[in-house]
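These are the residues of each chain, in order.
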Amino acid sequence: MHNKSYTSSKQPDVVVIFEKEDEIKGVNEILVDQFDSFRAVALNKKTVNFIRQSKPVVLLFALCTVEKSIELYSALVEKNILNYPHHTVLLCSNKESAIAFRCCMKGFFDNYFVYQPLYERYRIVMIVHKELKNMLSRNELYQFNEGNFDKIDGDLAEVIDSGGMAKQALLSRLQESRVENEATPVLIQNLLSSLEGDIAESVDQIISTLKDKKQHYQEQAKKSKGLIHHQPAIKTKEEKLAALEARALEDTKYLSSVNSQESMEENNEQADDPAKILVVEDNAIYRNVLVNILSKANFKVEQAEDGVQALDKIRSGSFQLILMDLFMPKLDGLNATKKIKDISGGKEIPVIALTGNKSKENARKWIAQGIKGYIIKPSDKDEILAAVNKALN
Amino acid sequence: MTLNSLKVLNRQVMISLIGNDSIQIRQFEIDFLKQAQVSIKKIATFYQLSDFEQIKEEAHFLKTSARAVGAEQSAMHLQNMESAALKKDKAECKELLKLTTLSLKSVYEEVKNA
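Keep in mind the model is a prediction, meaning the values are calculated, not measured.

### Thoughts on the overall build of chain B
Counting its regular elements, chain B contains five helices and zero strands. Its helices and strands taken in sequence order, chain B reads α-α-α-α-α from the N to the C terminus. Counting over 114 residues, chain B shows a buried share of 54%. Considering only intrachain contacts with a sequence separation of at least 6, the fraction spanning at least 24 residues in chain B is 66%. As displayed, chain B offers around 4,800 Å² of accessible surface, 52% of which is attributable to carbon and sulfur atoms.

If you want it as structure tokens, here you go:
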């Protein structure tokens, strides 16, 4: 049984903030027996002031609901009360453990403990002990008060002790080598700063040069009625010949690409109503490249940067085709494809996957989800238009 | 494919994607450099935190645009970084972060001098 008060420590390292004392009684009794510098404080007008003055390094939030604990901790952070290194533990009821888990996975709280019902009394001590160990820089490490725990076999206790010491020695050695390893990011940081400085200085300059050039070309175009020829100065007969040959080769390539593009664009123009395509890709640069290609081929194009935005667009408009990245934040391509089936009311909208990695296993998965084809990023324009036309036909 | 056979900035890649529109290509290159600046900072932070999953995702993200604009050497380093992050090989991630940053600097020089 506990024999200390859990409301007496004036500069506690560990603090529990609670609303209803009877709900937290079990936890308090365990903690007060184990940690000398512990205090339980009721949530009232004095709480904030107490936290500000005592600066506990481990705070346990045990309000009636997880939501209230979240609100309180957010307020303490926002008001700059907890403006020092600290760790937090959320105490919650079993029915709210999923929210508590999410809070910890998102990095809001450092840990959580189910205290209603209280059936893991050793675990709360371990959690608080670990958080304290992480936070205390001084050598004032808390030792377990073994008297409070069930007796175990002497030999086993010895094995645990010596094993624990061996592991700590190993971790120290790893930490030393890690510190050595961390010293080099200075070089990377210097490179980054230099890259950042260079880019910042000249992006404006490049844009301004581009504008000047654009204006110059436009003026030239007007003067030559749209025909622009750039021919570098040529000195010898051989150079002239070589240049003409190179020019002829370029022209042939250009004509062939124009013909292929024109035939695809014609196909689309001939249609009474050009197909409406949704491009879903989180990388803005690649998304703009696709939009550019499809728009030039006279498709109606809309864009979305993740699966959630794509679903909104699909709900509010009809598309004949969707080009979708498979790896996106919020809602990835495969899950978005499943949901598209649900919301399109039985109408099947073909989806083409945009991917940087095509394996047989992935391809099987995509087909099972109803994906009609794929485009390896970045395919060239002809390949992209061919895949689009194939899916539309 | 070896690094030597890859170009710092292969403009034919963009030409094959959007056509020979030098102004638009240049705009994509500038956008890429801006994006790379942000991504490399993120990767450096994830590296410090040993967050290999995030390193992999960010490297994959930047690789997509590096390939699109024809920054072939950067794309290859980023591809290797994805693999290193998958193996949780911190030393290799560090080396590749350095190489990627250097290759991006070369891209920047080419864009600036074009």
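### Examining the overall build of chain A
For chain A, the helix and strand inventory stands at 13 helices and 10 strands. A burial count over chain A gives 36% of its 393 residues as buried. In chain A, 67% of the contacts between residues at least 6 apart in sequence involve partners at least 24 apart. Only carbon and sulfur atoms are counted for the fraction: they give 52% of the accessible area of chain A, which is about 23,900 Å².

### Remarks on the nonpolar core
The biggest cluster of nonpolar side chains holds 57 residues, and the ones touching the most others in it are Leu323 of chain A together with Leu17, Phe32 and Ile55 of chain B. Of the residues forming this core, the biggest block, 11 residues, is contributed by helix H2 (residues 22-48) of chain B. Discounting residues that sit within four places of it in the chain, Ile55 of chain B has contacts with Ile43, Phe46, Tyr47, Met81, Ala85 and Cys93 of chain B. If you look at the next biggest cluster of nonpolar residues, it comprises 25 residues, including Val16, Ile30, Leu31 and Tyr115 of chain A.

### Some thoughts on unusual backbone geometry
Residue Pro117 of chain A is bonded to the preceding Gln116 of chain A through a cis peptide linkage, with omega at 5 degrees. Mapped onto the secondary structure, Pro117 of chain A falls in the loop between strand E5 (111-116) and helix H5 (121-135). At Asn298 of chain A, a residue that is not glycine, the phi angle is positive and equals roughly 70 degrees. On the secondary structure map, Asn298 of chain A appears in the loop between helix H9 (284-296) and strand E7 (300-304). With relative accessibility at 29%, the residue Asn298 of chain A sits in the partly exposed group. Phi at Lys88 of chain B takes a positive value of approximately 55 degrees, unusual for a residue other than glycine. Topologically, Lys88 of chain B is positioned in the loop between helix H4 (72-86) and helix H5 (90-113).

### A few points about the sheet that holds strand E1 (residues 14-18) of chain A
Residues and elements named next belong to chain A. Spatially, the five strands line up as an open sheet ordered E2-E1-E3-E4-E5, and their pairing is parallel. Since the sheet does not close on itself, it has two edges, and those belong to strand E2 (38-42) and E5, each with one partner. Here the average twist between neighbouring strands, direction ignored, is 20 degrees. Where strand E4 (residues 87-93) meets E5, five bridges bridge the pair, whose relative direction is parallel. When the bridges of E5 are listed, Val89 appears paired with Asn111.

### Digging into the side chain of Ser65 of chain B
By the secondary structure assignment, Ser65 of chain B is in helix H3 (residues 52-69). Excluding anything up to four places from it in sequence, Ser65 of chain B contacts Asn283 and Ile285 of chain A together with Phe32 and Gln35 of chain B.

### Things to note about the sheet that holds E7 of chain A
All names here are of chain A. Within the open sheet, the five strands sit side by side as E7-E6-E8-E9-E10. Their pairing is parallel. The outermost strands of the open sheet, each flanked by one partner alone, are E7 and strand E10 (371-376). Each neighbouring strand pair of the sheet contributes to a mean axis angle of 20 degrees, computed without reference to strand direction. Looking at chain direction, strand E8 (residues 321-325) and strand E9 (residues 351-355) are connected through four bridges and run parallel. The residue bridging Met324 from the neighbouring strand is Ala353, located in E9. Running over the sheet, helix H13 (residues 381-392) touches strand E6 (276-280), E8, E9 and E10 and is turned about 135 degrees from E8.

### Considerations on the pairing of E4 of chain A
Residues and elements named next belong to chain A. Where burial is concerned, most of E4 is hidden: seven out of the seven residues are buried. Residue alternation in E4 divides its side chains into two sets, His87, Val89, Leu91 and Ser93 and Thr88, Leu90 and Cys92, and both sets are buried. The parallel pair strand E3 (residues 58-62) and E4 is bridged by helix H3 (residues 66-78), and the resulting crossover is right-handed. Following the chain from E4 across helix H4 (residues 97-105) to the adjacent parallel E5, one finds a crossover that is right-handed.

### Remarks on the packing of H3 of chain B against H4 of chain B
All names here are of chain B. At a closest axis distance of 8 Å, the pairing of H3 and H4 adopts a crossing angle of 160 degrees. The orientation of H3 relative to H4 falls into the category roughly antiparallel. For the element pair H3 and H4, the recorded crossing hand is left-handed. Along its contact with H3, which presents Phe52, Ile55, Lys56, Ala59, His60, Leu62, Lys63, Ala66 and Arg67, the element H4 presents Ser74, Ala75, Leu78, Gln79, Met81, Glu82, Ala85 and Leu86. Looking at the contact of H3 with H4 residue by residue, the class counts come to 10 nonpolar, three polar and four charged.

Thresholds, definitions, all that
Counting of residues starts from 1 at the beginning of each chain's written sequence and follows it residue by residue. Here every chain gets a letter starting at A, and every ligand a number starting at 1, in the order they are written. With the structure being a predicted model, the display of local features is reserved for residues of pLDDT at least 70 and the display and counting of side-chain atom pairs for 80 or more, all residues being used for whole-chain, interface and lining totals. To obtain the side-chain values, all non-hydrogen atoms of the structure were used and water was disregarded. Think of it this way: any DSSP run of H or I at least four residues long counts as a helix, any run of E at least two long counts as a strand, and we number them from the N terminus. Here's how the labels work: a residue is buried when its accessible area is under 20% of the maximum for its type, exposed when over 50%, partly exposed in between, all with a 1.4 Å probe on protein chains only. In what follows, residue pairs with any heavy atoms lying within 4.5 Å of each other are defined as contacts. Every accessible area reported is derived by Shrake-Rupley at a probe size of 1.4 Å, with residue values counting cover from the shown protein chains alone. Buried residues of nine kinds, namely Ala, Val, Leu, Ile, Met, Phe, Trp, Tyr and Cys, make up a nonpolar core once their side-chain atoms join them within 4.5 Å. What makes two strands pair is DSSP finding at least two bridges between them. Lines fitted to C-alpha atoms define the axes, with helix axes restricted to the stretch in contact, and inter-axis angles between N-to-C directions lie between 0 and 180 degrees. Orienting the strands away from the viewer, one traces the path from the first strand over the helix to the second; a clockwise path indicates a right-handed crossover. Any angle that falls under 35 degrees is termed roughly parallel, while one over 145 is termed roughly antiparallel, one within 65 to 115 roughly perpendicular, and all others oblique. Helix crossings are classified by the rotation of the near helix relative to the far one: an anticlockwise turn of less than a right angle makes the crossing left-handed, while a clockwise turn makes it right-handed. Asp, Glu, Lys and Arg are counted as charged, while Ala, Val, Leu, Ile, Met, Phe, Trp, Tyr, Cys and Pro are counted as nonpolar; the rest, among them Gly, fall into the polar class.

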